[in-house]
Amino acid sequence: MLQDKVKPPILQLVGVRKTFNEFVAVERIDLDVMDGEFLTIVGPSGSGKTTLLRMLAGMDQPSEGNITLHGERINDVPPNKRPTCLVFQSLALFPHKTVGDNIGFPLKMRGVDTKTRRARALELMAMVRLPANYLDKNVMKCSGGERQRVALARALAYDPEVLFFDEPLSAIDYKLKKVLEKELKDLHKETGKTFIYITHSLEEAMVMSDRIGVMRAGRLVQVGTPEEIYNRPVDRFVCEFLGEVNVIEVAKAAADAPWRGLDVPGIFQVRPPAPAPHADHAFVAIRPESLRFLVPGETAENRLQGIVYNEYALGSRIQYQVRVGDKVMLVELPRSKALPASADRSVVVGWDAADAITVEA
Ligand code: ATP
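As the structure is a prediction and not an experimental result, all values here were calculated from the model. (Residues numbered from 1 in each chain as written. Predicted model: local features only at pLDDT ≥ 70, side-chain atom pairs only at ≥ 80, totals over all residues. Heavy atoms only, no water.)

Undergrad: Quick one: what's the story with the overall build of the protein, residue by residue and with numbers?
TA: Scanning the protein from N- to C-terminus turns up nine helices and 20 strands. Oriented by its inertia axes, the alpha-carbon framework of the protein measures out at about 80 × 50 × 50 Å. Each of the 361 residues in the protein was classed as buried or not, and the buried ones make up 47%. Carbon and sulfur atoms form 52% of the exposed surface of the protein, whose accessible area is close to 18,100 Å². Between the centroid of the 47 positive side chains of the protein and the centroid of its 47 negative side chains there is a distance of 6 Å. (Helix = DSSP H or I, 4+ residues; strand = E, 2+ residues; numbered from the N terminus. Buried < 20%, exposed > 50% of the residue type's maximum accessible area, 1.4 Å probe, protein only. Areas by Shrake-Rupley, 256 points an atom, 1.4 Å probe, with all protein chains shown as cover. Lys, Arg positive; Asp, Glu negative; His and termini not counted. Charge placed at Lys NZ, Arg CZ, Asp CG, Glu CD.)

Undergrad: Give me the site of the ligand: which residues, what numbers.
TA: The local shell around the ligand holds 13 residues, among which Ser45, Gly46, Lys49, Thr50 and Thr51 are the closest. Glycine 46 places a polar main-chain atom, nitrogen or oxygen, 2.8 Å from an oxygen atom of the ligand. One of the side-chain N or O atoms of threonine 51 is found 2.5 Å from an oxygen atom in the ligand. Within the residue set of the shell around the ligand, elements represented by two or more residues are strand 2 (23–33) and helix 2 (49–57). For the shell around the ligand, a count of residues per class yields four nonpolar, seven polar and two charged. (Near = heavy atom within 4 Å. Polar contact = N/O pair within 3.5 Å; in protein donor to acceptor, adjacent residues only side chain to side chain. Nonpolar A, V, L, I, M, F, W, Y, C, P; charged D, E, K, R; others polar.)

Undergrad: I'd like to hear about the domain arrangement of the protein, residue by residue, with values.
TA: Partitioning the protein into structural domains gives domain 1 (11–237) and domain 2 (244–359). Using only C-alpha atoms to locate each centre, domain 1 and domain 2 end up separated by 39 Å. Taken together, the contact between domain 1 and domain 2 spans six residues of the former and seven residues of the latter. Carbon and sulfur atoms supply 57% of the area buried between domain 1 and domain 2, which totals about 540 Å² over both sides. Together, Tyr230, Pro233 and Arg236 form the three largest contributors to the area buried by domain 1 at its contact with domain 2, with a combined 82%. For the interface between domain 1 and domain 2, the tally reads zero salt bridges. Class assignment of the residues belonging to the side of domain 1 that touches domain 2 gives a composition of three nonpolar, one polar and two charged. (Domains from an automatic or database assignment. Contact = heavy atoms within 4.5 Å. Buried area = accessible area lost by both parts, 1.4 Å probe. Salt bridge = Lys/Arg side-chain N within 4 Å of Asp/Glu carboxyl O.)

Structure below.
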C-alpha cells in the first residue's frame, strides 16, 4: 500500500510559540521535518531562527505548542537526553585538548576505552577530510576550517539522529565557506542523517538544502525546495530576501483594466499564475539578469526608459544601476553583452512577462 511507503516525519512542530514576557519571538509554527532531509531555516537578524533552533535542540522550551520526535512529545526533554546534537558558530571545542580528544569526548563520556575512541576518531576524521596525522595535534594549532571539521566530527561521534547547525560557517572566509558548504552537503548524503541548519545566507541555503524555510518576525512565511522558494516566492518579503531583485508595484482599476505601475510610470504585461485573477494590486519582481537593454528595433513585452549612472564588474558579469524616474533598477549582463564605453547612457530596459515573478500585495 502507498501509505506504508510514506514515512512519518522524524520531527514535528505543531503550533510552536515562544514568548519572552510580552514579546513573541516565534509565532505558532507548524512544520514537519522528514527523516534524512537537509532543512535550512533562513531569515534576517532577529527573525527567530536561533530561538526556534534552541527549542528543537532542547535548550529552551516552547511557551505553547508541541515538538515531537518519532511521534513522542519532547518539549521538556533536556538536550543530553535527545538523539540530537548542536554544532555552534563558536564550535565550543576544548582548547587544551588534541583533535582526537575533542572528537572522542562524547565517547569518553559514554565510557568507551581509549583505543576504541582513537580508532573511531580516525574514522570520523576521514569522513570530514582531516588528515590522520592530526589526531594528536592541539586543536588550537588548527586553522579555522580545520576546527570546523573537528567540531563536525565531534558532533557525529555522538551518533545523533538529527544534527542542528547554528550558523557554523558565518565567521569563515568566502572561499573556504564555499568548500565547506559542498563538504557538508556530501557529509549529509554520506551519513543519511537529518540536518537542520540556520543561516542568514540564502546563498548557503540554496547550495545545501533539500528544503528551505524562510522566517520573518517569528513566523515561518514559506517552506519549499530551493527551486520553489527562488521561482515562486509567496510575497514581496521572500522575493526581496532572495537577493538583489527589482520590484515594481502595480495595480489595476478593474478586472479587465491594464496593470499600471505605481512607482514607475507605464502599463505592464503581468502573467499568471500569480497574481490570482481577482487581485488588483501586485508586485512584479524581475531579477537583474532577466533584464536587458533593448537595441533600436528590438521589442520586449515590458519596457522602461532609464539612464545608466553606475556600473560594477562582478566577475564574468556586469551590473548596471539604471535610474528610472525615482527608482533604481539593476540590470546584470554577461561581459560579452556589456554596453560599449562610448554608448549613450540613456537606455531602454526591457523584459518579457514570463521572465518576471508576480506576487500578490
Ligand atoms: P540572528 O540571526 O541575529 O541570530 P535570529 O533570527 O536567530 O537572529 P533570535 O536570536 O531567535 O533571532 O531572536 C528573535 C527575537 O527574540 C529577537 O528580537 C531577540 O531579541 C528576542 N530574544 C531572543 N532570546 C531572548 C531572550 N532570552 N529574552 C528576550 N528576548 C529574546
